[in-house]
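Given next are the chains, with one letter for each unit.
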Amino acid sequence: MFKKIMKGGKKPSKSDASADAPQPPHAAAAPNVVVNHASRGGSGGGGSAASANSSSALPLVPLSGAMEPVPLFRDAPASERQSLFLRKLHVCCYALDFSDTLKNVREKEIKRQALMDLVDFIQSGSGKMSENCQEEMIRMISVNIFRCLPPASHENTGQEPTDPEEEEPSLDPSWPHLQLVYELLLRYIVSSDTDTKIAKRYIDHSFVLKLLDLFDSEDPREREYLKTILHRIYGKFMVHRPFIRKAINNIFYRFIYETERHCGIGELLEILGSIINGFALPMKEEHKLFLVRALLPLHKPKSVGMYHQQLSYCITQFVEKDFKLADTVIRGLLKYWPITNCQKEVLFLGELEEVLEATQAAEFQRCMVPLFRQISRCLNSSHFQVPATIAVERHGVATVCGWSTANWMSGFGAVAERALFLWNNEHIVSLIAQNRTVILPIIFEAFERNISNHWNQAVHGLTVNVRKMFVEMDAELFEECQRQHAEKEAKAKEIEEKRQLKWKRLADAASQNGVEDMVTT
């Protein structure tokens with residue numbers, strides 16, 4: 001036994017040798033497409049049987065050879081289907097030019113038919129695939145989908161980058177064939193016949209990373225398939241879950257702090273929304289760090305409107321899972337609160353309402369002072385947008401202070417209006433009522449400014465009605481705030497009068513000395 005060990009490692013198996021076998025010409029033309037496989041050690045007859053026919057079942061196609069059609073599975077006997085499967089995979093590896101619809105018409109149709117037959121074969125579960133067939137199928141899928149994505153429109157033309165929300169999506173001309181390849185991969189992953197112990201050798205970390213890179217595709221149809229496939233991989237391959245979460249984190253970090261351009265942030269957040277929903281309690285520290293370091297900073301980029309709905313859902317899921325995170329989330333929103341972008345402010349106020357609905361009294365009290373200072377600033381915003389581009393998110397009928405749905409929808413979009421709409425939420429009103437002695441003094445001045453100075457009559461009317469709610473809550477407190485506000489106004493007026501008097505004295509002194517053009521205001 002000792003001599004055997006000293007002589008060196010074990011003799012490589014046929015399956016190991018087949019992995020190093022020469023690839024078809026098209027594979028050689030794409031050196032970046034590599035599928036890393038795990039070790040195939042272990043006993044069992046399946047692996048040896050697959051390796052035994054690997055060298056003969058998948059003949060190489062010569063460079064000058066023409067693509068020939070392959071018979072359908074239903075026309076072949078069961079004993080030949082594995083070999084036919086490999087032949088079809090080989091045909092599907094041909095790289096064709098889809099930018100010209102008149103080029104390679106015959107070859108495109110042959111490839112399409114082969115892909116459709118492969119999808120039907122996997123979906124029907126007609127026979128269990130050998131390990132070698134699975135390996136070659138993943139290689140074929142890799143050759144087709146892992147490619148260099150075309151540059152964005154602003155990169156291609158040399159023009160200044162435009163708002164991502166205003167760009168038209170770029171559709172891949174090869175999508176009819178790519179869709180079949182993605183469908184094949186999806187059917188393979190969700191199939192009950194797929195053994196994860198074998199499949200994880202080919203759908204490994206390298207494969208997942210390349211799949212994530214494709215989320216930056218401008219074609220929304222491709223991103224939709226990628227979203228479904230990655231979600232299924234996360235659900236089926238438990239060993240990949242931490243790696244997938246970390247890889248998505250890295251995409252977010254690069255987007256937030258470097259590029260601020262990525263097409264697939266919304267789709268990745270949709271996947272994470274489902275993942276967060278399944279987090280076990282008590283929540284791991286890793287997940288809380290993900291919230292603070294990745295999700296909350298995603299409010300910073302200018303293009304947040306493109307993925308805000310998905311982001312808001314993820315944030316709300318965290319608070320609903322662990323109500324103690326409400327303070328962290330609200331302070332995070334306040335940290336990234338927009339200053340000059342009114343459309344973003346409206347989005348933030350909508351998300352804030354969702355978070356506050358899941359917030360309990362203790363967490364609300366920790367953050368209510370900075371929160372209502374910000375809401376006070378929103379109440380005095382002069383922004384107003386007609387017609388509205390943002391609908392009421394969740395409420396079928398808008399009954400804010402007596403407004404009908406038609407009135408609300410015709411003018412919705414104003415920052416001040418959206419802030420006043422918070423008082424239509426019963427849970428938020430109850431939190432405010434419990435802490436009115438702290439909150440009312442903070443926002444009372446904003447109410448008075450709106451009533452006396454705001455240019456929009458709708459905001460003026462809503463402010464009056466919300467003000468009445470506080471009178472009904474606590475008349476004594478309201479009168480005290482009114483008295484303090486009057487004293488503050490009187491003091492400010494007195495200071496202004498003294499300032500004007502000083503300027504008048506200076507002007508008089510200057511005129512006596514012959515200076516006539518002194519500014520006195």
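So, how was this worked out
Residues numbered from 1 in each chain as written. Predicted model: local features only at pLDDT ≥ 70, side-chain atom pairs only at ≥ 80, totals over all residues. Heavy atoms only, no water. Helix = DSSP H or I, 4+ residues; strand = E, 2+ residues; numbered from the N terminus. Buried < 20%, exposed > 50% of the residue type's maximum accessible area, 1.4 Å probe, protein only. Contact = heavy atoms within 4.5 Å. Areas by Shrake-Rupley, 256 points an atom, 1.4 Å probe, with all protein chains shown as cover. pLDDT = per-residue confidence, 0-100. Phe/Tyr/Trp six-rings, centres within 6.5 Å; stacked < 30°, edge-to-face > 60°. Core = buried A, V, L, I, M, F, W, Y, C linked by side-chain atoms within 4.5 Å. Polar contact = N/O pair within 3.5 Å; in protein donor to acceptor, adjacent residues only side chain to side chain. Expected span 1.5 Å × (residues − 1). Bend = angle between axes of the 7 residues up to and from the residue. Axes fitted to C-alpha atoms, helices over the stretch in contact; angles between N-to-C directions. Parallel < 35°, antiparallel > 145°, perpendicular 65-115°, else oblique. Nonpolar A, V, L, I, M, F, W, Y, C, P; charged D, E, K, R; others polar.

**Q** Looking at this structure, I do not really get the overall build of the chain. What am I missing?
**A** For the chain, the count of helices and strands is 26 helices and 0 strands. Across the 521 residues that make up the chain, the buried fraction comes to 45%. For the chain, long-range pairs separated by at least 24 residues make up 75% of all intrachain contacts whose partners lie at least 6 apart in sequence. With the model as given, the accessible surface of the chain reaches about 27,400 Å², and the carbon-plus-sulfur share is 53%.

**Q** Please clarify how unusual backbone geometry should be interpreted in this entry.
**A** Note: most peptide bonds trans; most residues except glycine with negative phi. With omega at 0 degrees, the peptide bond leading from L281 into P282 counts as cis. Within the fold, P282 resides in the loop between α15 (265-277) and α16 (285-295). A positive phi angle, close to 55 degrees, is found at N104, a residue other than glycine.

**Q** What is the right way to look at the confidence of the model for the chain in this model?
**A** Should pLDDT be low for a region, the predicted coordinates there are not to be read in detail. On average, residues of the chain score 81 in pLDDT, and 77% of them reach the 70 mark or higher. Within the model, the stretch residues 1-65 combines pLDDT values under 50 with 66 contacts to residues more than four positions away or in other chains.

**Q** Could you clarify how one ought to interpret the packing of aromatic side chains in this entry?
**A** To describe a pair of aromatic rings, one takes the distance between the centres and the angle between the planes. The final tally for this structure, using the stated rule, is 16 aromatic pairs. Residues F255 and Y307 carry aromatic rings whose centres are separated by 5.8 Å and whose planes lie at 75 degrees to one another, so their mutual orientation is edge-to-face. Remark: Y307 occurs in the loop between α16 and α17 (308-321) and F255 occurs in helix α14 (residues 241-259); sequence separation between them is 52 residues. The same class applies to F255 and to Y307, which are both buried. Note on W337 and F348: the rings are 5.4 Å apart at their centroids and 75 degrees apart in plane angle, and the pair reads as edge-to-face. On the criterion of sequence distance, the pair formed by W337 in the loop between α18 (326-335) and α19 (342-357) and F348 in helix α19 is long-range, its members being 11 residues apart.

**Q** Looking at this structure, how should I read the nonpolar core?
**A** Grouped together as the largest cluster of nonpolar side chains are 131 residues, with contacts concentrated most on F85, F252, L269, L295, L298, F372 and W423. If one sorts the elements of this core by residue count, helix α10 (residues 175-190) sits on top with 10 residues.

**Q** Would you mind showing me how to read the environment of E363 here?
**A** Within the secondary structure layout, E363 lies in helix α20 (residues 361-379). Exposure remark for E363: the relative accessible area of 4% places this residue in the buried category. Placed 33 residues apart in sequence, E363 and I330 show a C-alpha to C-alpha distance of 9.7 Å. If sequence neighbours within four positions are ignored, E363 has contacts with F323, K324, A326 and D327.

**Q** Could you clarify how one ought to interpret the side chain of R201 in this entry?
**A** Mapped onto the elements, R201 comes out in the loop between α11 (196-199) and α12 (205-213). You can call R201 buried: its relative accessible area is 17%. Here E131 takes part through its side chain, which lies 2.7 Å from a polar atom of the side chain of R201.

**Q** Help me understand helix α24 (residues 436-453), please; the structure alone is not making it clear to me.
**A** Since one α-helical turn is 3.6 residues long, residues separated by three or four positions face the same way. For α24, built from 18 residues, the straight-helix expectation of 26 Å at 1.5 Å per residue is met to within 8% by its first-to-last C-alpha distance of 24 Å. Maximal helix bending in α24 amounts to about 40 degrees, located at I443.

**Q** How should I be thinking about the packing of α18 against α19 in this particular structure?
**A** For any two helices packed against each other, one specifies the inter-axial angle together with the distance between the axes. Between α18 and α19, the shortest axis-to-axis distance is 11 Å and the interhelical angle comes to 170 degrees. On the basis of the axis angle, α18 is roughly antiparallel to α19. On the side of α18, the interface is formed by V329, I330 and L333, while α19 contributes F348, E351, L352, V355 and L356. Looking at side-chain class alone, the contact of α18 with α19 contains 7 nonpolar, no polar and 1 charged residues.

**Q** Would you mind showing me how to read the environment of S99 here?
**A** Position of S99 relative to the elements: it lies in the loop between α6 (81-92) and α7 (105-124). Exposure remark for S99: the relative accessible area of 60% places this residue in the exposed category. On a C-alpha basis, the gap between S99 and P173 in space is 6.0 Å, while along the polypeptide they are 74 residues apart. Among the polar contacts made by the side chain of S99, one reaches the side chain of D97 at a distance of 2.5 Å.

**Q** Looking at this structure, I do not really get the packing of α19 against helix α23 (residues 426-434). What am I missing?
**A** Viewed as axis vectors pointing N to C, α19 and α23 meet at an angle of 75 degrees, and their least axial separation amounts to 9 Å. Between α19 and α23, the angle is such that the two are roughly perpendicular. For the pair formed by α19 and α23, the contact residues are E353, L356 and E357 on the first element and H427, I428 and L431 on the second. The class makeup of the residues in the contact of α19 with α23 is 3 nonpolar, 1 polar and 2 charged.

**Q** How should α19 be read in this particular structure?
**A** Look at α19: 23 Å from first C-alpha to last across 16 residues, which is about the 22 Å you get at 1.5 Å a residue. With respect to burial, α19 is a largely interior element, 14 of its 16 residues being buried. If you check the start of α19, you find a side-chain oxygen 3.2 Å away from the backbone N of Q343, and it comes from N341.

**Q** I'm lost on the environment of S174 in this one. Help?
**A** Relative to the elements of secondary structure, S174 occurs in the loop between α9 (153-157) and α10. Sequence separation between S174 and D97 is 77 residues, and the spatial gap between their C-alpha atoms is 8.2 Å. Among the polar contacts listed, one links the side chain of S174 to the side chain of D172, at a separation of 2.7 Å.

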